[in-house]
Amino acid sequence: MVSIKNLSHAFDGRPVLSNISLDVADGEIVAVMGSSGGGKTTLLRCIAGLLTPDSGEVEVGGFDVHTQSEEARHCMGMVFQSAALFDFMDVESNVMFGVQRWSKQPRSEHKAVVAEAIGTVGLQGSEKLMPSELSGGMRKRVGIARALALHPKLMLYDEPTTGLDPVTTYTIDKLISDVRHKFGTTSIVVSHDVSSVFRVADRIAFLDGGVLTFTGDPEHFLEARVDSIRELVHKAQATDFLRE
Ligand SMILES: Nc1ncnc2c1ncn2[C@@H]1O[C@H](COP(=O)(O)OP(=O)(O)OP(=O)(O)O)[C@@H](O)[C@H]1O
Ligand SMILES: [Mg+2]
């Protein structure tokens, strides 16, 4: 579903991504973890085609995100770190906005498509609420509904649970897993929450200072001989995150 080859990018001469190669299979959930400022959002932006890297290739669904950007864009939905809702539109209009603009479904079905996406994220009954009336978890759900309404094969989630309490975090993690189960959606989830990652991810990619220092399944992650991973795992174990 996703193929990244030798991707490098620098901002103002400072390397932010260095020679990243990563493949993500159909239906797989891959978590991207790493230090703050390690390049996670930048990597997602390169995959989404929102940023042109200095070098390397990114293909999504077999389409090059730069030379076949239109086709590649139709394969994916992105949930931004900040949810990025329109504050002057209610929940339903926020979801409808993208559908009217980009959906390939006939116009007559738009209302049903929006209702389905709102139902999938569990926000039925909240259609008329404004973003200012929503909790942090609900805002994230609207962001997810907006992306899901376009039926993407690939979902890109940038820190979908950051800033949420553990119970809300759990429900968002479950939603990400349910979406894969229901639609077979491939997902890349940026997160620094070890417990979340262990709940949802098949594989973990760890970015440290723009370098991919580890790629592998969660069990191997626990045993990785990489100092920054060991530190993270120890911290998580110390707070009992991994006990469940
Ligand atoms: N548009 C930009 N212009 C210049 N520098 C940038 C830009 N976007 C990101 N950077 C820099 O690139 C580095 C990586 O940023 P990025 O947002 O990808 O990190 P991140 O891993 O997502 O961090 P966080 O965990 O804090 O969200 C940072 O040092 C950041 O300052
Ligand atoms: Mg980020």
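To be clear, the structure that these remarks concern was listed above.
Source: prediction; values computed, not measured.

Peer 1: Now, about the nonpolar core: what can you tell me, with residues and values included?
Peer 2: Val95, Ile144, Tyr157, Phe221 and Ile229 are the most contacted members of the largest nonpolar core, which has 44 residues in total. Tallying contributions element by element places helix 5 (residues 136-148) first for this core, with 5 residues. Ignoring sequence-local partners within four residues, the contact set of Tyr157 consists of Leu44, Val79, Ile144, Ile176, Val179, Ser187, Ile188, Val189 and Val190. Core analysis: the second largest hydrophobic core is formed by 30 residues, Leu43, Cys46, Leu156 and Val190 among them.

Peer 1: Lay out the site of ligand 1 with the relevant residues and their values.
Peer 2: If you check the shell around ligand 1, you find 13 residues, and the closest are Ser36, Gly37, Lys40, Thr41 and Thr42. Ser36 is positioned with one of its side-chain polar atoms (N or O) 2.7 Å from an oxygen atom of ligand 1. Contacts to ligand 1 include Gln81, whose side-chain N or O atom sits 3.3 Å from an oxygen atom. For ligand 1, the accessible surface in isolation is 640 Å², of which the surrounding protein chains cover 64%. Secondary structure elements with two or more residues in the shell around ligand 1: strand 2 (14-24) and helix 1 (40-47). A per-element tally of the shell around ligand 1 places helix 1 first, with 3 residues. For the shell around ligand 1, the class distribution of residues is 2 nonpolar, 8 polar and 3 charged.

Peer 1: Give me the side chain of Asp90: which residues, what numbers.
Peer 2: You can see Asp90 is positioned in the loop between strand 6 (76-79) and helix 3 (91-102). Despite being buried, Asp90 has no salt bridge partner; Lys128 is the closest side chain of opposite charge, sitting 4.1 Å away. At a separation of 3.3 Å, a polar atom in the side chain of Asp90 contacts the main-chain amide nitrogen of Glu92. Excluding residues that lie within four positions of it along the chain, Asp90 makes contacts with Glu127, Lys128, Leu129 and Met130.

Peer 1: Could you give an account of the packing of aromatic side chains, naming the residues involved and the relevant values?
Peer 2: Considering all chains together, one arrives at 5 aromatic pairs under this definition. Aromatic side chains Phe86 and Phe97 sit 4.8 Å apart centroid to centroid with 65 degrees between the ring planes, which places their arrangement in the edge-to-face category. Here the residue Phe86 occupies a position in the loop between strand 6 and helix 3, and Phe97 occupies one in helix 3, the gap between them amounting to 11 residues. Phe86 sits in the partly exposed class, given a relative accessible area of 28%.

Peer 1: Report on the environment of Ile229, specifying residues and quantitative values.
Peer 2: Mapped onto the elements of the fold, Ile229 is located in helix 9 (residues 227-238). Take Ile229: its relative accessible area is 0%, and that puts it in the buried class. Placed 90 residues apart in sequence, Ile229 and Arg139 show a C-alpha to C-alpha distance of 31 Å.

Peer 1: Account for the pattern of salt bridges, naming residues and giving values.
Peer 2: In total, this model carries 8 salt bridges according to the counting rule given. A salt bridge links Glu70 to Arg73; its shortest N-O distance comes to 3.1 Å. Linking Glu70 with Arg73, this pair stays in helix 2 (residues 69-75), spanning 3 residues, or about one helical turn. Its relative accessible area of 41% is what places Arg73 among the partly exposed residues. In this structure, the salt-bridge partner of Glu92 is Lys111, at a minimum N-O distance of 3.7 Å. You can see Glu92 sitting in helix 3 and its partner Lys111 sitting in helix 4 (residues 110-120), a full 19 residues away along the chain.

Peer 1: Residue-level account of the packing of helix 3 against helix 5, with values.
Peer 2: Look at helix 3 against helix 5: their axes get within 8 Å of each other, and the N-to-C directions meet at 30 degrees. For the element pair helix 3 / helix 5, the angle class is roughly parallel. Seen along the crossing, helix 3 lies across helix 5 with a hand that is right-handed. In contact with Val91, Asn94 and Val95 of helix 3, helix 5 contributes Val142, Ala145 and Arg146. Partitioning the contact of helix 3 with helix 5 into residue classes produces 4 nonpolar, 1 polar and 1 charged.

Calculation notes
- Residues numbered from 1 in each chain as written.
- Chains lettered and ligands numbered in written order.
- Predicted model: local features only at pLDDT ≥ 70, side-chain atom pairs only at ≥ 80, totals over all residues.
- Heavy atoms only, no water.
- Core = buried A, V, L, I, M, F, W, Y, C linked by side-chain atoms within 4.5 Å.
- Buried < 20%, exposed > 50% of the residue type's maximum accessible area, 1.4 Å probe, protein only.
- Helix = DSSP H or I, 4+ residues; strand = E, 2+ residues; numbered from the N terminus.
- Contact = heavy atoms within 4.5 Å.
- Near = heavy atom within 4 Å.
- Polar contact = N/O pair within 3.5 Å; in protein donor to acceptor, adjacent residues only side chain to side chain.
- Areas by Shrake-Rupley, 256 points an atom, 1.4 Å probe, with all protein chains shown as cover.
- Nonpolar A, V, L, I, M, F, W, Y, C, P; charged D, E, K, R; others polar.
- Lys, Arg positive; Asp, Glu negative; His and termini not counted.
- Salt bridge = Lys/Arg side-chain N within 4 Å of Asp/Glu carboxyl O.
- Phe/Tyr/Trp six-rings, centres within 6.5 Å; stacked < 30°, edge-to-face > 60°.
- Axes fitted to C-alpha atoms, helices over the stretch in contact; angles between N-to-C directions.
- Parallel < 35°, antiparallel > 145°, perpendicular 65-115°, else oblique.
- Left-handed = near helix turned anticlockwise from the far one by under 90°.

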